[in-house]
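What follows is each chain in one-letter form.
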Amino acid sequence: MSLLVVGLSHRSAPVSVLERAALHVDAQVKLVQDTVAAEPASEAAVLATCNRIELYADVDKFHAGVAELSTLLAQHSGVGLDELTPYLYVHYEDRAVHHFFSVACGLDSMVVGEGQILGQIKDSLARAQELHTAGRLLNDLFQQALRVGKRAHSETGIDRAGQSLVTFGLEQLAAGTAVPDWALGKKALVIGAGSMSSLAAATLARAGVAEIVVANRTAERAERLAEILNDAGDVAARAVPMDSVSDELTRADVVVSCTGATGLVLTAEAVAAGRGLDTQPGDGGMPSRSGAGAARAARPSADQTAEENCPLDLAPMPATAGFSVLGEAAVAGMAASELEQHAAWVDNAPRPQGSVAVVDPVEEAGVIAALAATAAVIGWVPERRRPEPVAEIPRPTPSLFLLDLAMPRDIDAAVHRLGGVRLVDIESLAEASADAPMAADVDQVRRIVADEVAAFGAALRAAHITPTVVALRSMAAEVVAGEIARLDGRLPGLDDKQRGEITQTVRRVVDKLLHAPTVRVKQLAAEPGGAGYADALRTLFDLDPETVAAVSRAEESTTDEEGRGSA
């Protein structure tokens, strides 16, 4: 049996795919249950966070295991297998251990070095133990990963390489200002009362906000979090029901949301209404458009008539200029089929009386023919010149700051189009963290991970031969007991002292004969490629496979009990 992990994360998939594939708790439970019910897997656990979904399993067949785990992930996430497959990664045996230990140390996190992942790993193990889907391998793996993660944080400065996702998100909201200076005196609304929301509330309290309002579907959890914040004495806190969020939006300066909801908690329309922002009917409840869209809307009706049916919504050209593709940035990168569509529309468009073509028709025809030939080969129109830079439209200074840490998202992404609102979500955090500098301590953590992977692999291989060694010694003990019984029959006059001396002597002889080979076989089995020594030992001593299996089952049962007690 071997460790296999199949998953996707912010490193392999866009946030839009992660958001759709997010698993709620019930789906995670069903996923691990279906995994152990599948033929290739005997153990399973799922690690699902805001930026990763990974399925760990002990499998007896690699290819069948990959196919089965990938199919199950697709089924339970609701994303089609064909669509999900390009974003999946697979790790097997030592590589799977290396990946998991790296995850536990925060090396694979969106914010390098964050420690929240350790709590998520612990929760994942506890759930697998409750469902009885974690056997000896996954119990040992997860508990060792927790120890490796704690070692990395205690022995290195990995904490300096990054912060929690909450802290990183608040830094992005502050946009270069020190978070305590930015947060001082602000009123915060925290939606949700889980571990991430609680961390956000505590971080905001330490940063110096004046008030924290906690909203949650379960009133008791919101009240408990507010009570904890009040007891800490750093901030005034109170709990409100979820239906009061719209009212609290009118007073809040900062909103942090992290719930397990499957739909949006805050829509763009709700935020706009809560802040009294103007919206334009017919445009999705969003503020009226600016720039090119506003200019187009302000044009005289004659120009609008010429543009209203444009199939590609390209920037309009003056009516007297005709249609030209000579270096126009509007068509650079356009697919050949789109160019044909746009050209047909232009060709059939009504022309104002007296319009003058500014490009020679013969030259125009030649350019179009050349572009069409190029597009037929490469599939799009090549850019002939760099488009002119477009001046960025000034935005109002933000008065409402939104931090969305949920996956799938809690806050409508369209909120970023509202004036005076700044939104930071998982997607923008992923983009920002890609440029974050790596600390020197990361190299030290990588060395710790490499050492721990080697040690775990050696222990795993050595443990694989232990049942065989135990079965061998049990067989030797049975042989000794049988020979002593035969001796009693032949020499009935032996007293207890004599019988005891003979028994002890025979046992010492057997132990000395077995000591060197059993110690050496454990050493050899711990090395890479040492798995075959267990088979050799069974064959040489003609050990009953069922006896070895019985020892393994007994050891796994003991390990499971110990694991549930320490997780």
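Bear in mind that the values here come from a model prediction, so they are computed numbers and not experimental data.

A. The overall build of the protein chain, seen in detail. A count of helices and strands for the protein chain gives 23 helices and 10 strands. Nonlocal contacts in the protein chain, meaning residues at least 24 apart in sequence, comprise 72% of its contacts between residues at least 6 apart. Accessible surface for the protein chain amounts to roughly 28,600 Å². Of this, 53% is attributable to carbon and sulfur atoms.

B. Spatial organisation of the nonpolar core. With 67 residues, the main nonpolar core has L165, W182, I212, L229 and L405 as its most contacted residues. Those residues in contact with L229 that lie beyond four places of it in its chain are A201, A202, A205, I212, V214, D234, V235 and A237.

C. Broad picture of the packing of aromatic side chains. One pass over the full model with this rule turns up 6 aromatic pairs. For the ring pair W182 and F401, a centre distance of 5.2 Å and an interplane angle of 90° mean the geometry is edge-to-face. Note that W182 is positioned in helix α10 (residues 179-183) and F401 in strand β9 (residues 400-404), a separation of 219 residues in sequence. Judged by relative accessible area, which is 7%, W182 ranks as buried.

D. View of the sheet that holds strand β6 (residues 211-216). Spatially, β7-β6-β5-β8-β9-β10 is the arrangement adopted by the 6 strands of the open sheet, whose pairing is parallel. Whereas interior strands pair on both sides, the edge strands pair on one side only; in this sheet they are β7 (236-241) and β10 (421-424). Strand after strand, the sheet turns through a mean of 15° between neighbouring axes, direction not considered. Note: strand β5 (residues 187-191) against β6, 5 bridges, orientation parallel.

E. Seen up close, the packing of helix α5 (residues 94-104) against helix α7 (residues 136-155). Where α5 meets α7, the axes come as close as 8 Å, and the angle between the chain directions of the two elements is 45°. With respect to each other, α5 and α7 are oriented oblique. Between α5 and α7 lies a crossing whose hand is right-handed. On α7, the residues touching V97, F100, F101 and A104 of α5 are L141, F142, Q144, A145, V148 and G149. Grouping the amino acids of the contact of α5 with α7 by side-chain chemistry returns 8 nonpolar, 2 polar and no charged.

Conventions and cut-offs
- Residues numbered from 1 in each chain as written.
- Predicted model: local features only at pLDDT ≥ 70, side-chain atom pairs only at ≥ 80, totals over all residues.
- Heavy atoms only, no water.
- Helix = DSSP H or I, 4+ residues; strand = E, 2+ residues; numbered from the N terminus.
- Contact = heavy atoms within 4.5 Å.
- Areas by Shrake-Rupley, 256 points an atom, 1.4 Å probe, with all protein chains shown as cover.
- Core = buried A, V, L, I, M, F, W, Y, C linked by side-chain atoms within 4.5 Å.
- Buried < 20%, exposed > 50% of the residue type's maximum accessible area, 1.4 Å probe, protein only.
- Phe/Tyr/Trp six-rings, centres within 6.5 Å; stacked < 30°, edge-to-face > 60°.
- Pairing = 2+ DSSP bridges.
- Axes fitted to C-alpha atoms, helices over the stretch in contact; angles between N-to-C directions.
- Parallel < 35°, antiparallel > 145°, perpendicular 65-115°, else oblique.
- Left-handed = near helix turned anticlockwise from the far one by under 90°.
- Nonpolar A, V, L, I, M, F, W, Y, C, P; charged D, E, K, R; others polar.

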